[in-house]
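# Examination of the molecular architecture
What follows is each chain in one-letter form.
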Amino acid sequence: GENRLVSLPLSRIRVIMKSSPEVSSINQDALFLTAKATELFVQYLATYSYKHGRGKEKNALTYSDLSHTAEECETFQFLADILPKKILASKYLKMLEKEKRDGEVGEGDEEDEEEEDEDETVGEDVGS
C-alpha cells in the first residue's frame, strides 16, 4: 500500500541509505518517510525554479532555471556544487588563461587575486 504513495523506487533509496557507514538497518517506516520527503523536496525545488526562472516564458523547466535557483536562493544554496551554472568550454578556457596571466603579472598581490578568482569560478562548470 505504501509503495503506491511514493513515485521513487524504495529499493534505490534503501541502497543509497545503506551506503552510509552509520546506517546498519533501515526501518520500513523510515524508508517510506525518506522517499516521501525526497519526493516533496524535488517537487518544491522544481516548482520554485519554474516560478522564479524563465520556465513560465518557455512553458518548460530547464537546467539553467535549477542552477539559477541553487545559486540565488539561500534555501537551495547547498545545491550550488551539485547544480553548477553551465558555461561554454571556450569561455572556461579563456577564464583559465586570464587567471594564469593575472597570477604571473602581480605575484605580490596573491591573496587579493585568489579571492577574486574564487568568486569568479565558484559554482561554474564546463558545459557545451
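Since the structure is predicted, the reported quantities are computational estimates derived from the model, not experimental observations. (Residues numbered from 1 in each chain as written. Predicted model: local features only at pLDDT ≥ 70, side-chain atom pairs only at ≥ 80, totals over all residues. Heavy atoms only, no water.)

## A closer look at the nonpolar core
Where we set the bar: As used in this record, nonpolar core signifies buried Ala, Val, Leu, Ile, Met, Phe, Trp, Tyr and Cys residues forming a set joined through side-chain atoms within 4.5 Å. Burial status follows relative accessibility: with a 1.4 Å probe on protein chains alone, a residue under 20% of its type maximum counts as buried, one over 50% as exposed, and anything between as partly exposed. What counts as a helix is a DSSP run of H or I of at least four residues, what counts as a strand is a run of E of at least two, and both are numbered from the N terminus. Residue contacts follow a heavy-atom distance rule, with two residues in contact if any of their heavy atoms lie within 4.5 Å.
Counting residues in each nonpolar core, the largest one holds eight residues, listed as Val6, Leu10, Ile13, Met17, Ile26, Leu31, Phe32 and Ala35. At the level of elements, helix H1 (10-18) and helix H2 (28-52) are the ones that each hand at least two residues to this core. When residues no more than four places from it in sequence are discounted, the contact partners of leucine 31 are Leu10, Ile13, Arg14, Met17 and Ile26. Counting residues in each nonpolar core, the second largest holds seven residues, with Leu45, Leu66, Ala70 and Phe76 among its members.

## Some points on the packing of aromatic side chains
Rules: Note on aromatic contacts: the rings of Phe and Tyr and the six-membered ring of Trp form a pair at centre separations within 6.5 Å, being stacked when their planes are under 30 degrees apart, edge-to-face when over 60 apart, and tilted otherwise. By definition here, charges over rings are those cases where NZ of Lys or CZ of Arg is within 6 Å of the ring centre and within 35 degrees of the ring normal.
Inspection of the entire model under this criterion finds five aromatic pairs. Relative to phenylalanine 78, the ring of phenylalanine 41 lies with its centre 6.1 Å away and its plane at 40 degrees, an arrangement referred to as tilted. Here the residue phenylalanine 41 occupies a position in helix H2, and phenylalanine 78 occupies one in the loop between helix H4 (63-72) and strand S1 (85-88), the gap between them amounting to 37 residues. Its relative accessible area of 57% is what places phenylalanine 78 among the exposed residues. Aromatic side chains tyrosine 44 and tyrosine 48 sit 6.2 Å apart centroid to centroid with 50 degrees between the ring planes, which places their arrangement in the tilted category. One end of the pair, tyrosine 44, and the other, tyrosine 48, are both in helix H2, four residues apart, so they sit about a helical turn from each other. Through successive ring pairs, a cluster of aromatic residues spans Phe41, Tyr44, Tyr48, Phe76 and Phe78. Its guanidinium or amino end placed over the ring of tyrosine 63, lysine 86 lies 5.1 Å from that ring's centre, counting from NZ or CZ.

## Some remarks on the side chain of serine 67
Structurally, the position occupied by serine 67 is in helix H4. Overall, the relative accessible area of 5% leaves serine 67 in the buried class. Ignoring any residue separated from it by four or fewer positions in sequence, one finds serine 67 in contact with Leu83, Pro84 and Lys85.

## A closer look at the pattern of salt bridges
Here is the rule: By definition, a salt bridge exists where a carboxyl oxygen of Asp or Glu is found within 4 Å of a side-chain nitrogen of Lys or Arg.
The tally for this structure, following the rule as stated, stands at two salt bridges. One salt bridge connects glutamate 39 with lysine 36, and the closest N-O pair in it is separated by 3.6 Å. Note that glutamate 39 and lysine 36 are positioned in helix H2 at a spacing of three residues, about one turn of the helix. On the basis of relative accessible area, glutamate 39 is assigned to the buried category, the value being 18%.

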